[in-house]
Amino acid sequence: MPEVLVHVDHITRRVQDATGELTILHDISFDLAHRESVAIVGASGSGKSTLLAILAGLDVPSAGAVRLRGQDLFALDEDERAALRARELGFVFQNFQLLPNLTALENVMLPLELRGEREARAQARAMLERVGLGARLAHYPRVLSGGEQQRVALARAFVQRPALLLADEPTGSLDFATGAAVMELMFELNREAGTTLVLVTHDREIAARCDRQLRIEAGRLAA
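Every value quoted in this text rests on a predicted model; they were computed, and no experiment measured them. (Residues numbered from 1 in each chain as written. Predicted model: local features only at pLDDT ≥ 70, side-chain atom pairs only at ≥ 80, totals over all residues. Heavy atoms only, no water.)

> Any chance you could break down the packing of helix H3 (residues 104–114) against helix H5 (residues 146–158) for me, citing the residues and the numbers?
At their nearest, the axes of H3 and H5 sit 8 Å apart, and the two run at 25° to each other. Comparing their axes, H5 and H3 come out roughly parallel. Two packed elements cross with a definite hand, and for H3 against H5 that hand is right-handed. Of H5, the residues touching H3 (which contributes Ala-104, Asn-107, Val-108 and Pro-111) are Val-152, Ala-155 and Arg-156. (Axes fitted to C-alpha atoms, helices over the stretch in contact; angles between N-to-C directions. Helix = DSSP H or I, 4+ residues; strand = E, 2+ residues; numbered from the N terminus. Parallel < 35°, antiparallel > 145°, perpendicular 65-115°, else oblique. Left-handed = near helix turned anticlockwise from the far one by under 90°. Contact = heavy atoms within 4.5 Å.)

> Any details on the sheet that holds strand S3 (residues 37–41)? Residues and values, ideally.
Backbone hydrogen bonds hold the strands of a sheet together, and the pairing may be parallel or antiparallel. One open sheet holds the 6 strands; their spatial order is S6-S7-S8-S3-S9-S10, and the pairing between them is mixed. The open sheet has two edge strands with one neighbour each: strand S6 (89–93) and strand S10 (220–221). Where S3 and strand S9 (residues 212–217) come together, 4 bridges link them in parallel fashion. Opposite Ala-39, over in S9, you have Gln-213 as the bridge partner. Sitting on the sheet, H5 is in contact with S6 and strand S7 (164–168), with an inclination near 170° to S6. With respect to the sheet, helix H6 (residues 176–193) is in contact with S6, S7 and strand S8 (196–200), its orientation differing from that of S8 by roughly 155°. (Pairing = 2+ DSSP bridges.)

> Requested: an account of the side chain of Lys-48, with residues and values cited.
Along the chain, Lys-48 turns up in helix H1 (residues 48–55). Beyond its immediate chain neighbours, meaning those up to four positions away, Lys-48 contacts Ile-40, Val-41, Gly-42, Ala-43, Val-200, His-202 and Ile-216.

> Account for the nonpolar core, with residues named and values stated.
Leu-128, Val-152, Leu-154 and Leu-199 are the most contacted members of the largest nonpolar core, which has 39 residues in total. For this core, the secondary structure elements donating two or more residues are S3, H3, helix H4 (120–130), H5, S7, H6, S8 and helix H7 (204–208). When residues no more than four places from it in sequence are discounted, the contact partners of Leu-154 are Val-92, Val-182, Leu-185, Met-186 and Leu-189. Of all hydrophobic cores here, the second largest spans 30 residues; its members include Leu-51, Ile-54, Leu-84 and Leu-164. (Core = buried A, V, L, I, M, F, W, Y, C linked by side-chain atoms within 4.5 Å. Buried < 20%, exposed > 50% of the residue type's maximum accessible area, 1.4 Å probe, protein only.)

> Would you mind going over the environment of His-7 in detail, with residue names and values included?
By the element assignment, His-7 lies in strand S1 (residues 4–17). The exposure class of His-7 is partly exposed, given its relative accessible area of 30%. Along the primary structure His-7 and Arg-191 are separated by 184 residues, whereas in three dimensions their C-alpha atoms are 22 Å apart. If near-sequence neighbours (up to four positions away) are discounted, His-7 is found in contact with Phe-30, Asp-31, Ala-65, Val-66 and Arg-67. A polar side-chain atom of His-7 sits 2.4 Å from a polar atom in the side chain of Asp-31. (Polar contact = N/O pair within 3.5 Å; in protein donor to acceptor, adjacent residues only side chain to side chain.)

> Run through the sheet that holds strand S4 (residues 63–68), naming residues and quoting values.
Taking strand neighbours across the sheet as the criterion, the 4 strands line up as S2-S1-S4-S5 in an open arrangement whose pairing is antiparallel. In this open sheet, the two edge strands, each paired with only one partner strand, are strand S2 (20–33) and strand S5 (71–72). Of the pairings in the sheet, the one linking S4 to S5 comprises 2 bridges and is antiparallel in character. Each residue of the ladder has a partner; that of Arg-67, found in S5, is Asp-72. Of the strands in this sheet, S1, S2 and S4 touch H1, which is tilted by about 60° from S2.

> Break down the side chain of Arg-156 for me, with residues and values.
Looking at the element boundaries, Arg-156 is found in helix H5. Nearest to the buried, unbridged Arg-156 among oppositely charged side chains is Glu-106, at 12 Å. In this structure, Arg-156 is in contact with Phe-96, Gln-97, Leu-98, Asn-107, Val-108 and Pro-111, ignoring residues within four places of it in sequence. (Lys, Arg positive; Asp, Glu negative; His and termini not counted. Salt bridge = Lys/Arg side-chain N within 4 Å of Asp/Glu carboxyl O.)

Written out as structure tokens, the structure is:
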């Protein structure tokens, strides 16, 4: 049986709104194995992105725990969680979230530099070449197409060799053909790196490519 990387233990998330208390997630539990790919699917507003944020330690549950390699994320303070994210997690977002004042190369170098990697430039250059952007190293995000920006984002995520990659609708801002090419590249990089992938998506074809799917319905994990 594959070793468990992440253990999600009875996660509940409640917030206050104008009508009172709203429960976004109800008692969610599951495990993620090393090298596994999992799609989180469900209708808009079902709690998928909230669950992803909790997996990243960016949002704090009202009850329950998330353990990464046995470490309870929410037993750590914010600085400790940030340090853990820098070591263990990679992120890919729908809107790319590249820094506009940095070149493609500098965007990919940044997480390595923050970790104190000595060969940050060489590693970033090699990863950009791997995603087909070796000729775009000095370009800023504003002159890159959406597909190219998402390739930079993939390079930035995978250059860290994260144990866990979290992707939130990574093709949501792309046309069909460009999105398909980006997803093919993501799955290739994921296999090469041996990363555990958690992917929020509305695309049934993308979800079907993952090892399994977790369906969230009105904040509950469907059977």
